[in-house]
Amino acid sequence: MTITSKDYGYTQDGRKVKQFRLENSSGMSVSVIEYGCTVTNIRVKDKNGDLRDVVLGYDTLRDYERAGASMGAFVGRCANRIENARFEIDGVTTQLERNEGRNHLHGSFSRKLYESSIEDDKLVLRMNSPEGDDGFPGNMEVTVTYSLTEENSFVMEYSAVTDAPTLANFTNHSYFNLNGHDSGTVLGQKLRIASDTFTEIGEGLCTTGRFLPTGGTPFDFETEKEIGRDMDDDCEQMRLAGGYDHNFVIDKTQGMLGFAASAYSPETGIRMDTYTTQPGVQLYTGNFLGEETVLGKGGCAYPKHGGFCLETQHYPCTPSHDNFPSIVLRPGEEYHEATAYKFTLE
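We now turn to the structure provided with this report. (Residues numbered from 1 in each chain as written. Predicted model: local features only at pLDDT ≥ 70, side-chain atom pairs only at ≥ 80, totals over all residues. Heavy atoms only, no water.)

1. Remarks on the packing of aromatic side chains
Next up, step 1: All told, the structure shown has 23 aromatic pairs when counted by the stated rule.
Next up, step 2: Taking the centre distance of 5.0 Å and the plane angle of 40° together, the rings of Phe74 and Tyr158 count as tilted. Here the residue Phe74 occupies a position in strand E6 (residues 74-75), and Tyr158 occupies one in strand E14 (residues 153-162), the gap between them amounting to 84 residues.
Next up, step 3: Take Phe74: its relative accessible area is 0%, and that puts it in the buried class.
Next up, step 4: Seen from their ring centres, Phe170 and Tyr335 are 4.6 Å apart, and the 55° between their planes marks the pair as tilted. With Phe170 in the loop between strand E15 (166-167) and strand E16 (171-172) and Tyr335 in strand E27 (residues 335-345), the pair connects residues that are 165 residues apart, well separated along the chain.
Next up, step 5: Taken together, the ring pairs in this structure connect Phe74, Phe109, Tyr114, Tyr158, Phe170 and Tyr335 into an aromatic cluster.
Next up, step 6: We note Lys225 situated over the ring of Phe221; from NZ or CZ to the ring centre the distance is 4.4 Å. (Phe/Tyr/Trp six-rings, centres within 6.5 Å; stacked < 30°, edge-to-face > 60°. Helix = DSSP H or I, 4+ residues; strand = E, 2+ residues; numbered from the N terminus. Buried < 20%, exposed > 50% of the residue type's maximum accessible area, 1.4 Å probe, protein only. Lys NZ or Arg CZ within 6 Å of the ring centre and 35° of its normal.)

2. Notes on the environment of Phe259
Next up, step 1: Mapping Phe259 onto the fold places it in strand E22 (residues 258-264).
Next up, step 2: Judged by relative accessible area, Phe259 falls into the partly exposed class, the value being 22%.
Next up, step 3: Along the backbone, Phe259 and Ala340 are 81 residues apart, and their C-alpha atoms lie at a distance of 9.4 Å.
Next up, step 4: If sequence neighbours within four positions are ignored, Phe259 has contacts with Arg192, Ala194, Ile250, Asp273, Thr274 and Tyr275. (Contact = heavy atoms within 4.5 Å.)

3. Quick look at the side chain of His173
Next up, step 1: Checked against the element boundaries, His173 lands in the loop between E16 and strand E17 (190-193).
Next up, step 2: Not counting the four nearest positions on each side in its chain, His173 is found in contact with Ala69, Ser70, Met71, Gly72, Ala73, Val75, His106, Cys309 and Glu311.

4. A closer look at the nonpolar core
Next up, step 1: Grouped together as the largest cluster of nonpolar side chains are 58 residues, with contacts concentrated most on Ile42, Phe74, Tyr146, Phe154, Phe170 and Phe343.
Next up, step 2: Per-element tally for this core: the top contributor is strand E13 (residues 140-148), with five residues.
Next up, step 3: Ignoring any residue separated from it by four or fewer positions in sequence, one finds Ile42 in contact with Met28, Ser29, Val30, Arg52, Asp53, Val54, Val55, Phe154, Phe176 and Phe343.
Next up, step 4: Membership of the second largest hydrophobic core comes to 18 residues, among which are Met71, Tyr175, Leu289 and Cys300. (Core = buried A, V, L, I, M, F, W, Y, C linked by side-chain atoms within 4.5 Å.)

5. Details of the sheet that holds strand E2 (residues 16-23)
Next up, step 1: Spatially, the five strands line up as an open sheet ordered E1-E2-E3-E4-E5, and their pairing is antiparallel. The open sheet has two edge strands, strand E1 (2-10) and strand E5 (51-53), and neither has a second partner. For this sheet, the mean inter-axis angle between neighbouring strands, taken without regard to orientation, is 20°.
Next up, step 2: As paired strands, strand E3 (residues 29-33) and strand E4 (residues 38-45) are joined by five bridges and run antiparallel to one another. Counted as the bridge partner of Ser31 is Asn41 from E4. (Pairing = 2+ DSSP bridges. Axes fitted to C-alpha atoms, helices over the stretch in contact; angles between N-to-C directions.)

6. Details of the sheet that holds strand E25 (residues 309-313)
Next up, step 1: Judged by pairing direction, the sheet is antiparallel, and its five strands sit side by side in the order E19-E18-E21-E24-E25 without closing on themselves. Each edge of the sheet is formed by a strand with only one pairing partner; in this case those strands are strand E19 (207-213) and E25. Along the sheet, successive strands turn relative to each other by an average axial angle of 30°, direction set aside.

7. What to know about the pairing of E13
Next up, step 1: Counting buried positions along E13 gives seven out of nine residues, so the element sits mostly inside the fold.
Next up, step 2: Taken together, the seven bridges between strand E12 (residues 122-129) and E13 define a ladder with antiparallel strand orientation. The partner of Ser129 across the bridge, within E13, is Met140.
Next up, step 3: As paired strands, E13 and E14 are joined by nine bridges and run antiparallel to one another. In the sheet register, Thr143 faces E14, and the bridge partner there is Ser159.

8. Details of the state of the cysteines
Next up, step 1: Counted according to the given criterion, the structure contains zero disulfides.
Next up, step 2: Cys300 carries a free sulfur, and the closest cysteine sulfur to it, the one in Cys309, is 15 Å from it.
Next up, step 3: Overall, Cys300 belongs to the buried group, its relative accessible area being 15%.
Next up, step 4: On the basis of relative accessible area, Cys309 is assigned to the buried category, the value being 0%. (Disulfide = S-S within 2.5 Å.)

9. Details of the side chain of Ser265
Next up, step 1: Residue position: Ser265 is located in the loop between E22 and strand E23 (270-276).
Next up, step 2: Assessed through its relative accessible area of 0%, Ser265 is described here as buried.
Next up, step 3: In this structure the side chain of Ser265 is engaged in a polar contact, spanning 3.1 Å, whose partner is the side chain of Thr268.
Next up, step 4: In contact with Ser265, other than residues within four places in its own chain, are Leu178, Asn179, Gln189 and Ile270. (Polar contact = N/O pair within 3.5 Å; in protein donor to acceptor, adjacent residues only side chain to side chain.)

10. Let's talk about the pattern of salt bridges
Next up, step 1: Tallied over the full model, the rule gives 20 salt bridges.
Next up, step 2: A salt bridge links Arg21 to Glu23, with the shortest nitrogen-to-oxygen separation between them at 3.3 Å.
Next up, step 3: For Glu23, a relative accessible area of 27% translates into the label partly exposed.
Next up, step 4: Notably, a salt bridge pairs Glu119 with Arg126, separated by 3.0 Å at the nearest N-O pair.
Next up, step 5: Owing to a relative accessible area of 32%, Glu119 belongs among the partly exposed residues under this scheme.
Next up, step 6: What you see here is one network of salt bridges that share partners, running through Asp46, Arg52 and Glu267. (Salt bridge = Lys/Arg side-chain N within 4 Å of Asp/Glu carboxyl O.)

Laid out in structure tokens, this is it:
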């Protein structure tokens, strides 16, 4: 596996950004920029031996700065939503920036510039998030590590430490289209999720704290089916999100790297299996992509449902629900999670 780099551009405030390319001997490659630890390209061979770029993105650094979809980005301090942008730790209430209506969504890690190094054939990106960043307590040291195996697994590892009690819940926000990033919608591609339960959402897409069974509902992906097969179902959960934007509870031992989901394109023969240490995965079907004003790579206007996300994570709005696994990180502890996307052909 080789890692090469080149200059990618300058941020609006004049800081230089590099792009790194991780490539294995079979020709698969992953490109990443220091801005937001953003995955800009994943190129894999299809059943005809042609390379397909299977993640959505933009052509320039300025477009990544302007766009609001977090395409390919590393997100935190807290992936997904925090209800009312407020949480409590040890009796102390913290008010965060309200960046999605009354709620807080994802945070600003996707808009940070990271310091990069190559260590043991891995790309390592580091950043210090200061006390008060987006309103969060504690100075946090964050490390993101990307690697590519000879078996076509793209591995993402996240670590963090803090000097005060705070929240930590990180994910990657890549939009996938296994037919190629510019090939239309993903509704005909197939998906299986290792879950028989999902977290119910209410108004504002915030979780209610209830766990609902997937069986007999549009959320049943235990047997592989087309992503769009049940998307027009007139159930409340689908109406609230305008498609899928829901957290699935993964049936695995918490903290262990285990199977979470598998996506497949009959057109290209490309299969992507997702493995993670995290307890949940958010399926998002690009329900607002058609509203994006910044054009994608090659001048592509990505349509609604033009990509799907499998955001491995702890559950949305965790601070509002004591029955969800905790995301509190304390001094002396280390946050560490990992996710792998493995590509094969059928």
